[in-house]
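Single-letter residue listing:
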Amino acid sequence: MRAAGGVPEPYAVEALVHAPAARVRTAVGQWGTVEEAGERRCLLTMTSTSLDWPIQALGTVGAEFEVLDPPEFVAYVREWGERFVRATSPGPASC
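What comes next concerns the included structure. (Residues numbered from 1 in each chain as written. Predicted model: local features only at pLDDT ≥ 70, side-chain atom pairs only at ≥ 80, totals over all residues. Heavy atoms only, no water.)

1. Looking at a negative patch on the surface
To be explicit about the condition: Note that patches include only residues with greater than 30% relative accessible area and no salt bridge, and the join distances are 9 Å for like charges and 5 Å for nonpolar side chains (Val, Leu, Ile, Met, Phe, Trp, Tyr). Accessible surface is estimated by sampling points in the Shrake-Rupley manner with a 1.4 Å probe; for residues, cover comes only from the protein chains shown. We define a salt bridge as a contact between a side-chain nitrogen of Lys or Arg and a carboxyl oxygen of Asp or Glu at a distance within 4 Å. Within this scheme the basic residues Lys and Arg register as positive and the acidic residues Asp and Glu register as negative, but His and the chain ends are omitted. Where a charge sits is defined by one atom per residue type, namely NZ (Lys), CZ (Arg), CG (Asp) or CD (Glu). In DSSP terms, a helix is any run of H or I states spanning at least four residues, a strand is any run of E spanning at least two, and both are numbered starting from the N terminus. The cut-offs for exposure are 20% and 50% of the maximum accessible area for each residue type, with area from a 1.4 Å probe on protein chains only; residues under the lower value are buried, those over the upper are exposed, and the others partly exposed.
Taken together, Glu14, Glu35, Asp69 and Glu72 make up a surface patch of like negative charges. Along the polypeptide, Glu14 turns up in strand 1 (residues 11–17). Residue Glu14 is classed as partly exposed on the basis of its relative accessible area of 30%.

2. A look at the pairing of strand 2 (residues 33–36)
Condition: At least two bridges found by DSSP between two strands is the condition for calling them paired.
Sheet topology places strand 2 next to strand 3 (residues 42–48); 4 bridges connect them, and they run antiparallel. Bridge pairing in strand 3 links Val34 to Leu44. Hairpin connection between strand 2 and strand 3: a loop of 5 residues separates the two successive antiparallel strands, and Gly38 in this loop has a positive phi of roughly 105°.

3. With respect to the packing of helix 2 (residues 52–61) against helix 3 (residues 71–87)
Quick reminder of the rule: Angles here are taken between N-to-C directions and fall from 0 to 180 degrees, while the axes themselves are lines fitted to C-alpha atoms, restricted in helices to the stretch in contact. Angle categories are assigned with fixed cut-offs, so that under 35 degrees is roughly parallel, over 145 is roughly antiparallel, 65 to 115 is roughly perpendicular, and the rest are oblique. Should the near helix be turned anticlockwise from the far one by less than a right angle, the crossing is termed left-handed; should it be turned clockwise, right-handed. By definition, residues are in contact when any of their heavy atoms lie within 4.5 Å. Under this grouping Gly is polar, as are all residues other than the nonpolar Ala, Val, Leu, Ile, Met, Phe, Trp, Tyr, Cys and Pro and the charged Asp, Glu, Lys and Arg.
At a minimum axis distance of 11 Å, the contact between helix 2 and helix 3 shows a crossing angle of 60°. Taken together, the axis directions place helix 2 and helix 3 in an arrangement best described as oblique. As helix 2 packs across helix 3, the resulting crossing turns out to be right-handed. Note on element contacts: helix 3 touches helix 2 through Phe73, Tyr76, Val77 and Trp80, opposite Asp52, Pro54, Ile55, Gln56 and Leu58. Considering only residue class, the contact of helix 2 with helix 3 consists of 7 nonpolar, 1 polar and 1 charged.

4. Quick word on the packing of helix 1 (residues 21–28) against helix 2
At a minimum axis distance of 9 Å, the contact between helix 1 and helix 2 shows a crossing angle of 130°. Looking at the two axes, helix 1 sits oblique to helix 2. Of the two elements, helix 1 crosses helix 2, and the hand of that crossing is right-handed. Residues Arg23, Val24, Ala27 and Val28 of helix 1 pack against Trp53, Ala57, Thr60 and Val61 of helix 2. The class makeup of the residues in the contact of helix 1 with helix 2 is 6 nonpolar, 1 polar and 1 charged.

Such coordinate-based values are descriptive only and should not be taken to indicate function.
Quick look at the structure:
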C-alpha cells in the first residue's frame with residue numbers, strides 16, 4: 001500500500017487480546033494503544049507501515065488474540081502461523 005509520493009500508507013491494526021491490559025501495555029510499550037475490554041481482555045490498536053511489527057508485538061504478549069482489522073492482517077497472521085507449523089513438522093521443508 002503506497003500513498004502519494006511513494007511513502008507507505010500505514011495500516012491500522014486492531015486485535016482483541018485475551019490478557020489484562022497492563023500485561024499488553026508492558027509488551028507493546030509506546031507502539032500501541034491498549035483499552036480495557038472486559039475482565040482479562042483488551043483492545044490493542046497499532047498503526048504501522050509494515051504488518052511485521054504488529055504480528056511480532058502480539059507474539060510477544062503470549063496470549064490468545066482475535067484480529068479485528070484490517071483484512072490484510074488476517075491473511076498475514078494465517079501465513080505466519082502456517083509457516084511456524086511447517087517449521088515444527090517432520091520432513092523436509094519446501095523452499
